Amino acid sequence: ALCAGTLPAQERASLELCEPRLFRALCTPSGSTNAPVDGRSSAAWVPAQGCPPFLCSDVRDAMTSLGVKPELQRAVFRLLAAVLHLSNVDFASDDEFSAARVADDVPLRKSAELMSIDASVLRDALTSATMNVVGAPPQVRRFNKSRCVASRNTLAKTVYAACFDFLIQTINAA
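Along each chain, residue indices are assigned from 1 in the same order as the chain's sequence is written. It should be noted that, the model being predicted, local features are given only for residues of pLDDT at least 70 and side-chain atom pairs only at 80 or more, the latter also being counted only at that level, while totals for whole chains, interfaces and linings use all residues. With hydrogens and water set aside, each side-chain value is computed from the structure's full complement of heavy atoms.

### Section: the confidence of the model for the protein
Thought 1: Every residue carries a pLDDT, the predictor's confidence in it, which falls somewhere between 0 and 100. Residues of the protein with pLDDT of at least 70 account for 79%, and the chain-wide mean is 82.
Thought 2: The helix and strand labels rest on DSSP assignments: H or I over at least four residues marks a helix, E over at least two residues marks a strand, and numbering proceeds from the N terminus. Mean pLDDT per element in the protein: strand 2 (residues 45-47) is the minimum at 41, and helix 5 (residues 119-127) is the maximum at 98.
Thought 3: Between residues 31-48, whose pLDDT stays under 50, and residues either more than four places distant or in other chains, the model counts 37 contacts.
Thought 4: This stretch, residues 50-54, has a pLDDT under 50; its non-local contacts, to residues over four places away or in other chains, come to three contacts. When checking whether two residues touch, look at their non-hydrogen atoms; a contact exists if any pair is within 4.5 Å.

Here it is, written out as structure tokens:
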């Protein structure tokens, strides 16, 4: 509903939402050898099947009837848009063992902006870990490409789950 044209155009534009098929989080692999992750092309990704059509206004009406205020609804949509943009963050590296880097800053910056965090903090969280040992300076460990992908996916799932849990708690408290 967020990017399928049912969100008001101005709000969709402010969240930089486009066609659902352009967001990795809304697609499933088609079984082809081409996919947008790990060096494969995006042509093989197709929208997930089995989801009934619904309008964003239906979701807003349901949230309102359950006691979720409009400003919280906007925050939820903003966070969900951040997860969509996060799903499009790709990584590049020289080989499977070397440290990876964010291949394109655009989805990373948009996701960070929507989550109200600094893009460099998000980049570091996706591509490295800092180990603190008592009596020694912090050690930064850079992730390889597959670890970066796992980090991105884990963060996206965690943010989505936390948003859902928060909504349930808010509804139950109303």
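### A closer look at the pattern of salt bridges
Thought 1: Every case where a carboxyl oxygen of Asp or Glu lies within 4 Å of a side-chain nitrogen of Lys or Arg is listed as a salt bridge. Evaluation of the coordinates by the stated rule reveals five salt bridges.
Thought 2: When the shortest N-O distance is used, the salt bridge between Arg24 and Asp90 registers 2.7 Å. Taken together, the residues span a long stretch of sequence, with Arg24 in the loop between helix 1 (9-14) and strand 1 (27-29) and Asp90 in the loop between helix 3 (70-87) and strand 3 (91-92) at a distance of 66 residues.
Thought 3: Here's how the labels work: a residue is buried when its accessible area is under 20% of the maximum for its type, exposed when over 50%, partly exposed in between, all with a 1.4 Å probe on protein chains only. Note on Arg24: relative accessible area 11%, which makes it buried.
Thought 4: With relative accessibility at 27%, the residue Asp90 sits in the partly exposed group.
Thought 5: With its nearest N and O atoms 3.0 Å apart, the salt bridge here joins Asp105 to Arg123. Taken together, the residues Asp105 in helix 4 (residues 105-115) and Arg123 in helix 5 connect sequence positions 18 residues apart.
Thought 6: Given the relative accessible area of 27%, Asp105 is considered partly exposed.
Thought 7: In this structure Arg123 comes out as partly exposed when scored by relative accessible area, which is 24%.
Thought 8: Because the salt bridges share partners, they merge into one network encompassing Glu16, Lys110 and Glu113.

### Overview of unusual backbone geometry
Thought 1: Backbone geometry places Glu16, a non-glycine residue, at a positive phi of 55 degrees.
Thought 2: Despite not being glycine, Ser116 has its phi angle at roughly 60 degrees, a positive value.
Thought 3: Position of Ser116 among the secondary structure elements: in the loop between helix 4 and helix 5.
Thought 4: Classification of Ser116 as exposed rests on a relative accessible area of 61%.

### Re the environment of Glu96
Thought 1: Residue placement: Glu96 occurs in the loop between strand 3 and strand 4 (101-102).
Thought 2: Considered as a pair, Glu96 and Asn144 are 48 residues apart in the sequence and their alpha carbons are 6.4 Å apart.

### Structural notes on the packing of helix 5 against helix 6 (residues 145-173)
Thought 1: The interhelical angle for the contact between helix 5 and helix 6, taken along N-to-C directions, is 120 degrees, at an axis separation of 7 Å. Looking at the two axes, helix 5 sits oblique to helix 6. Facing helix 5, whose interface residues are Leu122, Ala125, Leu126 and Thr127, helix 6 presents Cys148, Ser151, Arg152 and Leu155.
Thought 2: All amino acids are sorted into three groups, where Ala, Val, Leu, Ile, Met, Phe, Trp, Tyr, Cys and Pro are nonpolar, Asp, Glu, Lys and Arg are charged, and the leftover types, Gly among them, are polar. Residue composition of the contact of helix 5 with helix 6, by class: five nonpolar, two polar and one charged. Note on method: axes are straight lines fitted to C-alpha atoms, helices fitted across the in-contact stretch only, with angles between N-to-C directions ranging 0 to 180 degrees. With respect to orientation, any angle under 35 degrees is reported as roughly parallel, any angle over 145 as roughly antiparallel, any angle of 65 to 115 as roughly perpendicular, and every other angle as oblique.

### Comments concerning the environment of Asp118
Thought 1: In this fold, Asp118 is placed in the loop between helix 4 and helix 5.
Thought 2: Sequence-wise, Asp118 and Leu108 are ten residues apart; in three dimensions their C-alpha atoms are separated by 10.0 Å.
Thought 3: Polar contact criterion, stated in full: a pair of N or O atoms within 3.5 Å, where within protein one must be able to donate a hydrogen and the other to accept it, and residues adjacent in sequence count only if both atoms are side-chain atoms. At 2.2 Å, the side chain of Asp118 forms a polar contact with the side chain of Ser120.

### Here's the deal with the nonpolar core
Thought 1: Among the buried residues, those of types Ala, Val, Leu, Ile, Met, Phe, Trp, Tyr and Cys that are joined through side-chain atoms within 4.5 Å form a nonpolar core. Core analysis: the biggest nonpolar cluster contains 24 residues, and Leu17, Leu86, Val89, Phe91, Leu108, Leu122 and Leu126 have the highest contact counts within it.
Thought 2: Residue assignment for this core shows that the elements contributing at least two residues are helix 3, helix 4, helix 5 and helix 6.
Thought 3: Judged by nonpolar contacts, the second largest core, of five residues, contains Met63, Val68, Val76 and Leu167.

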